[in-house]
Amino acid sequence: MNKTPLVKPFLFAFTLLMFSWSFAQKSLKFENGGGPSGNGPTTTDKVVTFYNGDAGVYSPTTTVTYKLSNQQYPSIEGSATTPGLVFGGNISNNNSTPGGIAHYNLMNSLGGSANSQYATNGATPAINIANDYAIEMAGFTDALINSNGSNKVATNTKGVYFADLTLTFNRPVTNPVIHLTGLGGTAAAANGNTQGIAMRLQLTNTGYTVSKLAGNFALSVSGTTIYNSSANYTGATNNSSPSGASGSVLITGANISSLTFRVAMDGDGGGNTWARTDRIAADGFLMAVSLTTYTISGTVFNDANGMTDNIVNGIGSDAGGLYVVVVDANNNVVTSAPVNSDGTYTLPGVMAGDYSVALSTTQPAAGSAFGGATLPDGWVATGEKLGSGTGSDGTADGILTGVSITNANISGASFGIEQPPTTDDVATTIQTPANGSIPQGTITTPPSGNDPEDGALGSGNTVVVTELPSNGTLLYNGNAVTAGQSIDNFDPKLLSFTDLQGGTTSTSFKYSMVDAAGKQSATPGTFKVSWDTPLLVTFGPVSVRVANGALVIDWSTVTEKNVDHFIVELSKDGKNFTGIGTVKSKAINGNSSERLEYRFSKGIDSAKSVAGFLSVVMMGIVLLAFSRRNRLLAAIIIVLGSGIITTSCNKHNTDAVEQQQKLFLRIVQIDKDGGKQVSKTIITTTKE
């Protein structure tokens with residue numbers, strides 16, 4: 001018989017069951033070893049450490065402290081040192097000394113309840129009263145009688161205030177569950193009848209709600225009060241009156257640091273007194289707390305397109321070794337887990353609260369301060385997203401923010417990472433540039449790089465110019481390039497250079513390739529352009545200053561080839577330059593490969609006069625060019641101009657200096673064959 005049709009559905013169902021179980025919500029409970037030792041009765045604080053279900057202490061360590069305060073009855077009849085509400089208290093039928101019991105007790109030690117009467121709000125493992133523990137407390141009825149045995153209040157009174165019980169958590173919790181066992185008991189009255197008694201708890205914190213999750217009929221919740229609603233009380237958890245009350249109550253609220261209950265006693269009026277003076281009676285009950293932890297799961301994607309589609313997606317990857325880390329609002333590590341090779345991960349055991357989830361190359365210890373997201377070398381973050389659909393959390397940094405757990409597991413916590421490209425050095429050789437410029441269309445060698453996801457990169461890809469050349473000005477498609485400029489669809493034929501320095505044989509700039517994800521390489525490459533013959537003379541720094549009424553000009557050359565002399569030119573408008581002097585080349589036969597220094601000085605008024613006179617002459621020439629009939633007028637203008645200049649010279653200590661006139665200066669190198677090169681223009685004033 002072919003059993004395949006039966007086996008496959010079974011395997012599928014089993015797999016689904018195991019998958020669901022692995023992502024079930026987990027409970028934190030009171031287990032053996034987690035609470036205080038010793039017997040009561042005492043009023044000292046009791047601290048319990050939560051266990052991760054039945055699997056050892058939960059990490060990071062989470063505790064709850066039980067504290068009694070505001071005792072309304074500091075002593076009871078028969079014991080001046082015992083207050084009305086204690087930890088580890090018990091009845092004493094033989095004498096008037098209060099009895100004691102272990103502070104930390106199994107949940108089946110009192111009340112006669114059953115596992116089915118408790119709930120953990122859907123978390124597993126469930127309550128097991130033969131395995132799980134609770135703190136024992138007792139309210140002594142002897143607090144309500146006087147030394148002569150008379151009652152302080154009537155025996156059918158409800159809500160007789162005894163004390164406050166505060167539960168304080170060492171870290172904020174959400175939706176804790178309170179488990180109560182044995183709210184109810186009996187006390188022998190003076191007339192031999194039985195007085196039914198039961199403790200009640202009223203939550204005094206505001207902003208939280210109280211609701212019954214499970215329990216017998218007698219366990220009731222009204223508003224924020226938990227009480228035994230049976231008509232008559234006894235110690236056993238029964239299905240009808242008289243009965244004790246046992247079960248589980250949910251406190252709904254987020255980020256709870258502490259809960260305070262007003263603890264009181266109810267009487268059913270079955271006896272004529274609350275107690276007898278020859279013995280001690282009490283309602284002993286158990287109180288435990290459980291918390292729910294949840295699972296965060298998701299995937300780390302190699303997002304090759306870098307969210308250019310506005311979606312965190314791609315192929316799952318662990319990038320060679322990654323961890324996911326849950327971080328709380330105080331930047332402390334809650335838990336962490338490795339990323340699987342297919343990029344998936346699961347973070348179990350996270351309590352409700354607000355968190356961030358981050359990527360890390362190391363696994364930090366729970367409870368430690370988180371040092372920040374890290375990725376393996378060669379990887380960068382592209383984005384993070386909680387849930388499906390488009391968009392991200394806004395910042396591509398390997399940290400997913402806004403992960404808020406209330407009462408359900410979190411899935412779809414996704415990370416996008418990718419490997420940015422690398423950029424190669426590129427070198428190309430061209431003919432020696434003329435006039436210190438490389439025209440557009442000269443350079444044809446493409447940029448070069450590689451991307452792990454996209455493959456080879458070159459012309460047509462995006463390039464970022466990270467560093468401009470030190471020799472010359474870089475242009476792309478005729479426009480000057482700025483450092484950090486991104487150029488799409490890069491074409492090397494659109495590159496050009498101007499202002500190349502003489503004496504040089506190359507220029508270069510640094511660049512980074514950009515991949516399809518929009519990420520550029522971390523280490524730029526060098527794009528170098530070389531030529532064989534050094535460019536003609538290169539001017540070094542040119543400076544000018546005014547000293548002792550004279551212009552002092554200093555300049556240098558790096559190399560000289562076939563140079564005859566230099567002309568120092570001056571201008572008042574930066575457009576029309578006039579020579580104010582010449583300097584012969586220091587180079588032997590006009591050729592030098594070493595740095596040569598030059599200086600020229602001229603009286604400032606004389607220099608200005610020459611510049612002014614020749615400017616006027618130029619004006620006259622321009623006028624003559626328009627018409628022969630204006631020659632006489634041009635001559636007059638030139639003569640007048642000369643007179644003005646002469647007058648200007650005579651006013652050497654007034655107008656020329658006081659006006660601090662701006663002057664433009666440059667050096668012109670003249671070759672032996674008549675060619676020339678011009679230095680950069682510098683600006684000075686006539687002020688010393």
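Being a predicted model, the structure only gives us computed values, none of them experimental.

### Focus: the environment of K29
Point 1. Mapping K29 onto the fold places it in strand β1 (residues 26-29).
Point 2. Separated by 20 residues in sequence, K29 and T49 place their C-alpha atoms 8.6 Å apart.
Point 3. Excluding residues within four positions of it along the chain, K29 makes contact with T49, F50, Y51, G53, D54, P125, A126, I127, N128, D132, V289 and S290.
Point 4. There is a polar contact of 2.9 Å between the side chain of K29 and the side chain of D132.

### A closer look at the layout of surface pockets
Point 1. Quantified by volume, the largest pocket comes out at close to 740 Å³.
Point 2. Forming the boundary of the largest pocket are 33 residues, of which G436, L500, Q501, G502 and Q677 lie nearest the centre.
Point 3. Here the lining of the largest pocket takes three residues from strand β45 (residues 676-678), the largest share from any one element.

### Digging into the confidence of the model for the protein chain
Point 1. Across the protein chain, the average pLDDT comes to 88, with 88% of residues at 70 or higher.
Point 2. Across residues 1-22, confidence stays below pLDDT 50; counting only partners more than four residues off in sequence or on other chains, it has two contacts.
Point 3. Confidence over residues 613-659 falls short of pLDDT 50; this stretch has 32 contacts with residues more than four positions distant or in other chains.

### Things to note about the sheet that holds strand β40 (residues 550-557)
Hydrogen bonds between backbone groups are what pair the strands of a sheet, and the pairing can be parallel or antiparallel.
Point 1. Spatial strand order, β39-β40-β43: three strands in an open sheet with antiparallel pairing. Unpaired on one side and paired on the other, β39 (543-547) and β43 (596-603) mark the two borders of the sheet. If you compare each strand with its neighbour and ignore which way they point, the axes differ by 20° on average.
Point 2. Pairing geometry for β40 and β43, over eight bridges, is antiparallel. By the bridge assignment, D554 is partnered in β43 with R599.

### Here's the deal with the environment of Y345
Point 1. Tracing the backbone shows Y345 in strand β23 (residues 344-351).
Point 2. As a C-alpha pair, Y345 and V324 span 21 residues in sequence and 7.6 Å in three-dimensional space.
Point 3. Residues contacting Y345, with those up to four places away along its chain left out, are I296, S297, G298, T299, V300, V324, P338, V339, N340, V357, A413 and F415.
Point 4. Of note is the side chain of Y345, whose polar atom sits 2.6 Å from the backbone oxygen of A413.

The rules behind these values
- Residues numbered from 1 in each chain as written.
- Predicted model: local features only at pLDDT ≥ 70, side-chain atom pairs only at ≥ 80, totals over all residues.
- Heavy atoms only, no water.
- Helix = DSSP H or I, 4+ residues; strand = E, 2+ residues; numbered from the N terminus.
- Contact = heavy atoms within 4.5 Å.
- Polar contact = N/O pair within 3.5 Å; in protein donor to acceptor, adjacent residues only side chain to side chain.
- 1 Å grid on protein atoms, 1.4 Å probe; cavity = no way out; pocket = protein on both sides within 12 Å on 5 of 7 lines; lining within 4 Å.
- Points joined across faces, edges and corners; volume = space filled by probe spheres on them.
- pLDDT = per-residue confidence, 0-100.
- Pairing = 2+ DSSP bridges.
- Axes fitted to C-alpha atoms, helices over the stretch in contact; angles between N-to-C directions.

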